[in-house]
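Summary of the model geometry
Each chain is listed here by its residues.
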Amino acid sequence: VMKLNPQQAPLYGDSVITVQLTEEDKVEDDVVFYLVFTGSTVQHCTSTRKINPGSLETISPGHDCCETVKVALCASKEGHPLLVVAEESFQFVQDEAYDAAQFLATCAGNQQALNFTRFLDRSRPPAADVDFLDEKVALAFRHLKLPAEWNVLGADQSLNENIPRETLMHFAVRLGLLRLTWFLLQQPGGRGALSIHNNEGATPVSLALERGYQKLHQLLTEEEAREPDSWSTLSHTVHTGDYCVKHHRRLDVYLLTAE
């Protein structure tokens, strides 16, 4: 038996999983371990990183639905057949960050909902909480299957630029959410949102300046602005075709997902 810690992960994945090996699995250096997650419609295979002789580390894949899946720990050694050394179950769950991303995605053009997000801002969460929120909500947003016509400014594109209104971009910038801002910038309507004034006449760009968010202001105003460093701690898709390969740079772990 192997121990997985934790034994569940949010649907969008990208959290660290530690695998405790039993005495008999603690093996020579030339053995490579993989975890295979088998769900009802998709299967994931992740490489692992050895922390010490008794434990491995990997990154949880993003899954397509909430369910309990089977996880097999496989060992491979050159010249030997692939071995399944242990099996365990693992759960994919929908967490609050996922709910929040879904809420924000559906409220892109909804002024009442966006005003609610302004009300939330008055509580000014501490920086560590903002960073946590930023990472989780950006990951969840990236995992959502947004409809093809989805737009940062909401569905009603007949609204012209001159109507003062609150946008999702105002929300992300007001809270200083670097990763989410970067994500929204890449979406339809993301760049357009930068020049929209709200009822106080503030644009996302002027909000970033007024709040002293230098990195964020740079991200919004520089032509060649690169993705924020904080985004590079997340997994990146390396290849898409019939399957998807992701690379998590920080842990140097690869994730393969196939139908």
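Note that the structure is a prediction, hence the values are computed from the model and not measured.

1. Details of the overall build of the chain
- Secondary structure assignment for the chain yields 7 helices and 12 strands.
- Relative to its full complement of 259 residues, the chain shows a buried share of 47%.
- Looking at the chain alone, contacts between residues at least 24 apart form 63% of all its contacts between residues at least 6 apart.
- Of the accessible surface of the chain, which amounts to about 13700 Å², a share of 51% is contributed by carbon and sulfur atoms.

2. A look at the sheet that holds strand β3 (residues 16-20)
- Strand order across the open sheet formed by 4 strands is β1-β3-β7-β6, with antiparallel pairing between neighbours. Two strands lie at the open edges of the sheet, namely β1 (3-5) and β6 (49-52), each paired on one side alone. Strand after strand, the sheet turns through a mean of 30 degrees between neighbouring axes, direction not considered.
- Where β1 lies against β3, 3 bridges are found, and the strand directions are antiparallel. Paired with Leu4 across the strands is Val19, a residue of β3.

3. Quick look at the pattern of salt bridges
- For the coordinates displayed, the defined rule picks out 5 salt bridges.
- Note that Asp134 and Arg179 form a salt bridge whose closest N and O atoms lie 3.5 Å from each other. Taken together, the residues span a long stretch of sequence, with Asp134 in helix α3 (residues 127-143) and Arg179 in helix α5 (residues 178-185) at a distance of 45 residues. Across this residue pair, the class does not change: Asp134 and Arg179 are buried.

4. Some words on the packing of α5 against helix α7 (residues 214-221)
- Where α5 meets α7, the closest approach of the two axes is 10 Å, and the angle between their N-to-C directions is 5 degrees. On the basis of the axis angle, α5 is roughly parallel to α7. Each of Leu178, Thr181, Trp182 and Leu185 in α5 lies in contact with α7, whose residues at this interface are Lys215, Leu216, Leu219 and Leu220.

5. Quick notes on the environment of Asp156
- With respect to the helices and strands, the residue Asp156 is situated in the loop between α3 and α4 (168-174).
- Residues Asp156 and Glu67, 89 residues apart in the sequence, show an inter-C-alpha distance of 35 Å.

6. Considerations on unusual backbone geometry
- Cis geometry marks the peptide bond from Asn5 to Pro6; its omega dihedral reads -5 degrees.
- Mapped onto the fold, Pro6 is located in the loop between β1 and β2 (8-10).
- Unlike most non-glycine residues, Asp252 shows phi in positive territory, near 55 degrees.
- Position of Asp252 relative to the elements: it lies in the loop between β11 (243-248) and β12 (253-258).

7. Examining the sheet that holds β11
- Strand order in the open sheet formed by 8 strands is β2-β9-β8-β4-β5-β12-β11-β10, and the pairing between neighbours is mixed. Since the sheet does not close on itself, it has two edges, and those belong to β2 and β10 (235-240), each with one partner. Taken pair by pair, the neighbouring strands of this sheet meet at an average axis angle of 25 degrees, ignoring direction.
- When strand β5 (residues 43-47) meets β12, the two strands line up antiparallel, connected through 4 bridges. Each bridged residue has a counterpart across the sheet, and for Cys45 the counterpart in β12 is Leu256.

Conventions adopted
Residues numbered from 1 in each chain as written. Predicted model: local features only at pLDDT ≥ 70, side-chain atom pairs only at ≥ 80, totals over all residues. Heavy atoms only, no water. Helix = DSSP H or I, 4+ residues; strand = E, 2+ residues; numbered from the N terminus. Buried < 20%, exposed > 50% of the residue type's maximum accessible area, 1.4 Å probe, protein only. Contact = heavy atoms within 4.5 Å. Areas by Shrake-Rupley, 256 points an atom, 1.4 Å probe, with all protein chains shown as cover. Pairing = 2+ DSSP bridges. Axes fitted to C-alpha atoms, helices over the stretch in contact; angles between N-to-C directions. Salt bridge = Lys/Arg side-chain N within 4 Å of Asp/Glu carboxyl O. Parallel < 35°, antiparallel > 145°, perpendicular 65-115°, else oblique.

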